[in-house]
Amino acid sequence: QKEVEQDPGPLSVPEGAIVSLNCTYSNSAFQYFMWYRQYSRKGPELLMYTYSSGNKEDGRFTAQVDKSSKYISLFIRDSQPSDSATYLCAMSYTGGGNKLTFGTGTQLKVEL
Amino acid sequence: DTAVSQTPKYLVTQMGNDKSIKCEQNLGHDTMYWYKQDSKKFLKIMFSYNNKELIINETVPNRFSPKSPDKAHLNLHINSLELGDSAVYFCASSQGDKNSPLHFGNGTRLTVT
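None of these values were measured; they are calculated from a predicted model.

Chemist: So what's going on with the side chain of Ser-94 of chain B? Which residues, and what values?
Modeler: Relative to the helices and strands, Ser-94 of chain B is located in strand β9 (residues 87–94). Setting aside chain neighbours within four positions, we find Ser-94 of chain B in contact with Asn-98 of chain A together with His-29, Asp-30, Thr-31, Tyr-33, Ser-100, Pro-101 and Leu-102 of chain B.

Structure (structure tokens):
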């Protein structure tokens, strides 16, 4: 079993929909949680960065962390075709030398 | 004005050859990383350097040797390339090695034939 599990999709939604992307993890030592967006043939781009449990909002994006359930989510409101990409969750723990453990990514397509 | 830049972008080579990938960052960060992304998009860390000192060395074959001449540069040399080395290699950087977010380059797509 991988340390971080993420549904690979693909997930196809109409423009304007609310998108929910999720990851589960098994290592309770993880404390730092990130979401990256990766367009085709590009590097991962940091979207959201959170520490421990709680919510964080940035524009159309909201990240949620539930450490008790070992579950993190990314919500995208009013999705746009430009949001079509692969979304990767990543996490790390204190003392790990900033080693990120990634999920396998969810491919999202927002259709007109 | 690219923050993390890698060269080359594409690399096609034959089995048994030796090749290098270069990475430079102009963000003023002191920690740099190499990650490998396989055909299923799974990203896995290979190495990290903090101020030219090796911090993370995952279970990577000895044929892979990173070198950091200064904190803005991290190169990856690969000896005796194998078919299984085909992947996208990403360089990244961060400020410090204490859980600060990583900034990635756009990758080097290596194909071994």
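That shown, we press on.
Chemist: Give me the lowdown on the nonpolar core, citing residues and values where you can.
Modeler: The biggest cluster of nonpolar side chains holds 24 residues, and the ones touching the most others in it are Trp-35, Ile-72, Leu-74, Ile-76, Tyr-87 and Met-91 of chain A. If you list the elements that add at least two residues to this core, you get β3 (19–25), β4 (32–38), β5 (45–51), β7 (61–66), β8 (71–76), β9 (85–92) and β11 (106–111) of chain A. Contact partners of Ile-76 of chain A, with chain neighbours within four places excluded, come to Ala-17, Ile-18, Val-19, Leu-21, Arg-60, Phe-61, Asp-83, Tyr-87 and Leu-108 of chain A. The next biggest cluster of nonpolar side chains, apart from the first, holds 20 residues, and it includes Leu-11, Phe-47, Phe-64 and Cys-91 of chain B.

Chemist: Just give me the short version of the pairing of β5 of chain A, but keep the residues and values in it.
Modeler: Residues and elements named next belong to chain A. Where β4 meets β5, six bridges bridge the pair, whose relative direction is antiparallel. Paired with Met-34 across the strands is Tyr-49, a residue of β5. What sits between β4 and β5 in their antiparallel hairpin is a turn of six residues, with Arg-41 showing a positive phi close to 65°.

Chemist: So, the sheet that holds β3 of chain A: which residues are in play, and what are the values?
Modeler: Residues and elements named next belong to chain A. Spatially, β1-β3-β8-β7-β6 is the arrangement adopted by the five strands of the open sheet, whose pairing is antiparallel. The strands lining the two open edges of the sheet, one partner per strand, are β1 (4–5) and β6 (54–58). By the bridge criterion, five bridges tie β6 to β7 in an arrangement that is antiparallel. Bridging across to β7, Glu-57 finds its partner in Thr-62.

Chemist: Tell me about the interface of chain A and chain B, and please be specific about residues and values.
Modeler: Listed per partner, the contact involves 23 residues of chain A and 26 residues of chain B. Together chain A and chain B conceal approximately 2,000 Å² of surface at their shared face, both sides included; 52% is due to carbon and sulfur atoms. Considering only the surface of chain A that becomes buried against chain B, Arg-41, Asn-98 and Phe-102 of chain A emerge as the three largest contributors, covering 31% of it. As a salt-bridge pair, Glu-58 of chain B and Lys-99 of chain A come within 3.3 Å of each other at their nearest N and O atoms. Broken down by secondary-structure element, the contributors of at least two residues to the side of chain A that touches chain B are β4, β5 and β9 of chain A. Classifying every residue of the side of chain A that touches chain B gives nine nonpolar, ten polar and four charged.

Thresholds, definitions, all that
- Residues numbered from 1 in each chain as written.
- Chains lettered and ligands numbered in written order.
- Predicted model: local features only at pLDDT ≥ 70, side-chain atom pairs only at ≥ 80, totals over all residues.
- Heavy atoms only, no water.
- Helix = DSSP H or I, 4+ residues; strand = E, 2+ residues; numbered from the N terminus.
- Contact = heavy atoms within 4.5 Å.
- Core = buried A, V, L, I, M, F, W, Y, C linked by side-chain atoms within 4.5 Å.
- Buried < 20%, exposed > 50% of the residue type's maximum accessible area, 1.4 Å probe, protein only.
- Pairing = 2+ DSSP bridges.
- Buried area = accessible area lost by both parts, 1.4 Å probe.
- Salt bridge = Lys/Arg side-chain N within 4 Å of Asp/Glu carboxyl O.
- Nonpolar A, V, L, I, M, F, W, Y, C, P; charged D, E, K, R; others polar.

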